[in-house]
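Understanding the architecture of this molecule
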Amino acid sequence: MLLRSCWKSRHKDSSGPAPFLIRPGLAALLWLCVTQLACGSGAVGEIKNVIQKDAEFDVTYNDTVTSLNQTIYAFNHTVSRNKTEGVHVSVDVLSQGLESPILFVVRQKQAVLSFQVPLILRGLYQRKYPYNHVGRTLCQPPTRAASETQYFFVDVSTLSSQGTNYHLRVSRVESFTLQTDKKFSFTASPSQPQYFKYIFPDGVDTVIVKVNSVMNFPCSVMSIQDIQCPVYDLDNNVAFIGMYQTMTKKGAITVQRKDFPSNSFYVVVVVKTEDEACGGPLRFYPLRPDELIDAGNRSKVLDVIVSPAINSKVYVTGMLFCLGIFLSFYLLTFLVACLEYKRMNKKREVFQNPADMSPAETASLLGKNGDGKIPASPCEYGSFADNGSTLSSEVITDSANSTDNNYGYMERSLDSVGRSRQESLSSVEEDDYDTLDDINSDKNIVRTKKFLCVSDLARKDKRVLSKKYQIYFWNIATIAVFYALPVIQLVITYQTVVNVTGNQDICYYNFLCAHPLGALSAFNNILSNLGYVMLGLLFLLFVLKRDIVHNRALVRNDLHALECGIPKHFGLFYAMGTALMMEGLLSACYHVCPNYTNFQFDTSFMYMIAGLCMLKLYQKRHPDINASAYTAYACLAAVIFFSVLGVVFGKGNTVFWIVFSVIHILATLLLSTQLYYMGRWRLDSGILRRMVYVIYTDCIRQCSGPMYIDRMVLLVMGNIVNWSLAAYGLIERPNDFASYLLAIAICNLLLYFAFYIIMKLRSGERIQCLALVCIFFTAVVWGFALYFFFQGLSTWQKTPAESREHNRDCILLSFFDDHDIWHFLSSIAMFGSFLVLLTMDDDLDTVQRDKIYVF
C-alpha cells in the first residue's frame, strides 16, 4: 500500500520528468520506498509524500521539509576521462531550535554521501559544536569512457513534525584539478572542508604539496588521500587514511608517484573544531552534558601549490658533495703525511751522512733546538721524534755526548730510567705501582705544595696509567654497542609507524626540505651526519699514529718519551674519537624521526664528548689523579638520567627545577673542593668542623689569601657561571631541558679551556703554529656553525603545527637545509677541537716534566 502511494505521489506531484530520467528516477524511488518499509518511517497509518525534482546546477532551491514529505533532487552532468570537474553541495538550514536534524543523502553511481544539518562536530571532552551551514564536495569516481553522463540524487528528509526551511545549491568546482606550480586560494571551515585533485605530469615522480595561510588560527589539517570514495574530509575522520598533518600557517607533504597507482591523489584541507592540537587555547567549557556550543566564525583562507620535488640527479649531487667534503680531509692528511715523510727522510740522511755537512749545519741540527737556542736539557735532543721520527736513541745519545760534558743527567743508565715495554700488562694493578713509600703522608706533602710540576703528578708507573686510560676506550665502545642497537630498532619502528599511519605529526621534520629515500622521510638530514663518522675515524687514525710512534720510543727507552713533555696517554683520545663517531650515528638515528621522546639520542654523546674533553684537559697535567673510567661514565650516566627526567617531568614543574638547581650547586661545590685540594680531603662527619676551623683561622683570626691563587680564580669563575645557570634555570624554567643541560656542559668546557690557554701562556709556554692554526680555524667554523644552529627550522618544544611555522626551503644544492649545514660545520669544528687538544702541548715535548707547571 505504501509502495503504491509512493508511486502515485510521484506521478501526482511531479511535473513530469524528461524521458531520459524515468529509469534512474524509478530506481531511486523504489530504493527509497523499500527503505521506508524496512525502517517503518513515519507514524502508523501516515502516508509520506515523496517529491522528485529535476534540478539544475548553480540554482538555489528554497524548500521546506517535514516528517510527512520527502524531496529528491535529480541532477545529471557529463564526466570526461581527460577532465575532472568537482561538484559542491551547499546546504543552509534557516529554522532554529529544531526537534530533529535534516538528513541529506547524496547517491552517486559508485558512492553515497550522507550528512545531517545542523552538523554536530565533537571536540575534546565530548564538546559539541553545531553548524547550520554545510558544504561538501562530492567524490568523483574515475570513468573509462571518453565521455559519460552520470546521474546523482540528493534526498532530503527529516523526522521533525514541524516544517523546516532550508536552502540547497549544487555547483561545479571549475578549479577542482590543481595545476603544477600554480597557486590556488580557497576558503574552508569545519563544516565546509575542501579537497582538490592533482595528476602527476609526465616525467615527475615526486612533488611537494604546500598549503599556506596568513592566519594562525583556526587550526587546520591537510591530508593526501588516494583517488577513491569516500573521501574523508571531516575533522573526525580525516586521519583514517592517507598522510595528514596539522597546520597553522604552513603545511607541506612530499608525495611520491609510487605510492599512488592511479598517478593522482586528493589534497584535502579540513579546519578543526578546536585549536588545541595546534597549540591554541580551549575557549569553551560546557557546563552541562550534551550542551551545544557556538564555535563562532572558524573560516580560514588558505592557498595551495603543488611543485615538482628534486630529481635523482640532485640526490646524487648531494651525496657526492657530502662525501667529497669529508674525503678532502683524508686527501689533505695524505698529502701532509707525504710531505712530512719526505722531510724526515731528508733529516735521516743528514744524520747518516754527517761528513757531507758543514760544521755550521751540523751545529744547527745537533746543537740547537727548534727555536735556535742551545738545548737546556737532554730532552731537547729528542726533538726530532716529535713528528714521528724513528731515529734511534743511540744517534741522539752520541750527538749529545759529542757536545758538552756538562749534562750529568745523561750519565744515568737508560735501563734505570725506563722499564722494558715488553713486560706483560696483565698483572699490573694501579695499587701495586706507587713510587711513594708512605702513600698517604707523601701524597699530602706532594699534592699540597704551593707550586706543583707535572713530575709531581706523574709518579705512577706508565703501564698502570696506560691500562687505566685504555679502559675509557673499551668502556665507551661497549656503551656504544648496547646503546646504539635499541636506538636503531626504535627509530626503525618510528619510521614504520609514520609510513603505515600517515601521521606526519609524529616527527618534527623541516617539511619544506625533507627529501625521502626508500622508507626514510628526510634522507638529507641523515646523510649530513656522515661527517661526524668520517672525521671521528680520521681522528682515531691520527691518535693511532701518535700512539705507535710513542710506543716505539718507549721500546727504545728514549729519554724524550720517558722524561720530557706531557705524559702521553691516548685512551681518552680514543674514547673521544669513538664518541664523535657515535654522535654521528645517533644523530642520524634521531633525524629518522625527530621528536621530544628521542632527542636524548642526539644529545647523549654530546654530553660524553664535553665530559671527555674536560677530563682530557685535566689529565694532561694531572695524570696520576684523574678520574677513573668507571667514575667518569657513572657521572655522565647521572647527567643523562637527569636529562631524561627533565624532558619528561621538567616542563613547568617547579619542584623538579628546585631539586635540580640544588643538586647542580652542591655538585659544583663538591667538584670545586676536589679540584682545589687535589683530592686530598675527606667527605665525612668531621667536614663541618674542619670547614669552621679553616674559616676561623684563615678569615677571622688572620686574613690570609688562598694558597693556590690560580686554581681559586678558575673555581670562583666556574662557580659564578654555574650558579648563574642554576638561577636562570630556576627562574626561566626553559622547556628544552636537554639543550639547557648541554649548555651547562659546554660553558664549563669553554671556561676550563680558556683558563688552560691563559695559564699556559702565563707560565712562559708557547703554542706551536699547528695548534694556533687549529684554534683559529676551529673558532671560525664554530661561529658559522652556531649561526646555522640557531636558525631553528623546527622545535619539538611546540606542537607539530607550530613547529612547521619555522620550516624553510633548502639553501644548498636544493638538497640541504640550514640544519644540514650545522651538521657539516659542527662535525668539522669538533674535529678541529680534538686536534687542538691533541697538539696544543707539543711545544713541551722537549721540556723536562719538573719544569712544567700544573694548573
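Please refer to the structure placed before this passage.
Described below are features of the structure shown in this document. Remember, predicted model here, so these are calculated numbers, not experimental data.

Following the criterion strictly, the structure yields 20 salt bridges and no others. Salt-bridge contacts for Lys210 lead to Asp809; the nearest nitrogen and oxygen are separated by 3.7 Å. On the criterion of sequence distance, the pair formed by Lys210 in strand S14 (residues 206-212) and Asp809 in the loop between helix H20 (800-804) and helix H21 (818-839) is long-range, its members being 599 residues apart. Relative accessible area serves as the criterion here: at 41%, Asp809 is assigned to the partly exposed category. Linking Asp845 and Lys568 is a salt bridge whose minimum nitrogen-to-oxygen distance equals 2.9 Å. Of this pair, Asp845 sits in the segment after H21 while Lys568 sits in the loop between helix H11 (559-563) and helix H12 (571-590), and the two are 277 residues apart along the sequence. Taken together, the shared-partner salt bridges in this structure form one network comprising Lys620, Arg621, Lys760, Glu765, Asp841 and Asp843.

Once that is clear, we can look at the sheet that holds strand S15 (residues 220-226). Strand order in the open sheet formed by four strands is S13-S18-S15-S16, with antiparallel pairing between adjacent strands. Each edge of the open sheet is held by one strand with a lone partner, namely strand S13 (194-199) and strand S16 (243-247). This sheet shows a mean twist of 20° between the axes of neighbouring strands, independent of strand direction. Alignment of S15 against S16, held across five bridges, turns out to be antiparallel. Opposite Ile224, over in S16, you have Met243 as the bridge partner.

Before going further, it helps to examine the packing of aromatic side chains. The final tally for this structure, using the stated rule, is 53 aromatic pairs. Ring centres 5.4 Å apart and planes at 70° place the aromatic pair Tyr315 and Phe815 in the edge-to-face group. With Tyr315 in helix H3 (residues 312-352) and Phe815 in the loop between H20 and H21, this pair connects stretches of sequence that are 500 residues apart. The burial state of Tyr315 is the same as that of Phe815; both residues are buried. The interplanar angle of 70° and the centroid separation of 5.3 Å between the aromatic rings of Phe656 and Phe737 together place this pair among those described as edge-to-face. Taken together, the positions of Phe656 in helix H15 (residues 654-676) and Phe737 in helix H18 (residues 737-762) put the pair 81 residues apart, joining distant regions of the chain.

Our next topic: the sheet that holds strand S10 (residues 147-158). Strands sit in the order S1-S3-S10-S5-S6 across an open sheet of five strands; the sheet is mixed. Each having just a single partner strand, strand S1 (49-54) and strand S6 (112-117) make up the two edges of the open sheet. Neighbour-to-neighbour, the strand axes of this sheet turn through a mean angle of 20°, independent of strand direction. By the bridge criterion, ten bridges tie strand S3 (residues 69-80) to S10 in an arrangement that is antiparallel. If you follow Asn76 over to S10, its bridge partner there is Tyr151.

All right, on to a nonpolar patch on the surface then. Side chains of Ile658, Val662, Leu666, Leu669, Trp723, Leu730 and Ile731 sit close together on the surface and give an oily, nonpolar patch of about 640 Å² of accessible area. For the nonpolar patch, the elements supplying multiple residues, two or more each, are H15 and helix H17 (709-732). Along the chain, Trp723 falls in helix H17. Overall, the relative accessible area of 41% leaves Trp723 in the partly exposed class.

Within the largest apolar cluster, 111 residues are counted, with the highest numbers of intra-cluster contacts made by Tyr472, Phe539, Phe605, Leu612, Tyr633 and Phe660. Setting aside chain neighbours within four positions, we find Phe539 in contact with Phe573, Met576, Gly577, Phe831, Phe834, Leu835 and Leu838.

Looking now at the side chain of Thr839. Here Thr839 lies in helix H21. The class for Thr839 is buried, based on a relative accessible area of 6%. At a separation of 2.8 Å, a polar atom in the side chain of Thr839 contacts the main-chain carbonyl oxygen of Leu835. What Thr839 contacts, discounting residues up to four positions off in sequence, is Arg546, Leu770 and Ala771.

Calculation criteria
Residues numbered from 1 in each chain as written. Predicted model: local features only at pLDDT ≥ 70, side-chain atom pairs only at ≥ 80, totals over all residues. Heavy atoms only, no water. Salt bridge = Lys/Arg side-chain N within 4 Å of Asp/Glu carboxyl O. Helix = DSSP H or I, 4+ residues; strand = E, 2+ residues; numbered from the N terminus. Buried < 20%, exposed > 50% of the residue type's maximum accessible area, 1.4 Å probe, protein only. Pairing = 2+ DSSP bridges. Axes fitted to C-alpha atoms, helices over the stretch in contact; angles between N-to-C directions. Phe/Tyr/Trp six-rings, centres within 6.5 Å; stacked < 30°, edge-to-face > 60°. Patch = residues over 30% accessible without salt bridge, like charges linked within 9 Å, V, L, I, M, F, W, Y side chains within 5 Å. Areas by Shrake-Rupley, 256 points an atom, 1.4 Å probe, with all protein chains shown as cover. Core = buried A, V, L, I, M, F, W, Y, C linked by side-chain atoms within 4.5 Å. Contact = heavy atoms within 4.5 Å. Polar contact = N/O pair within 3.5 Å; in protein donor to acceptor, adjacent residues only side chain to side chain.

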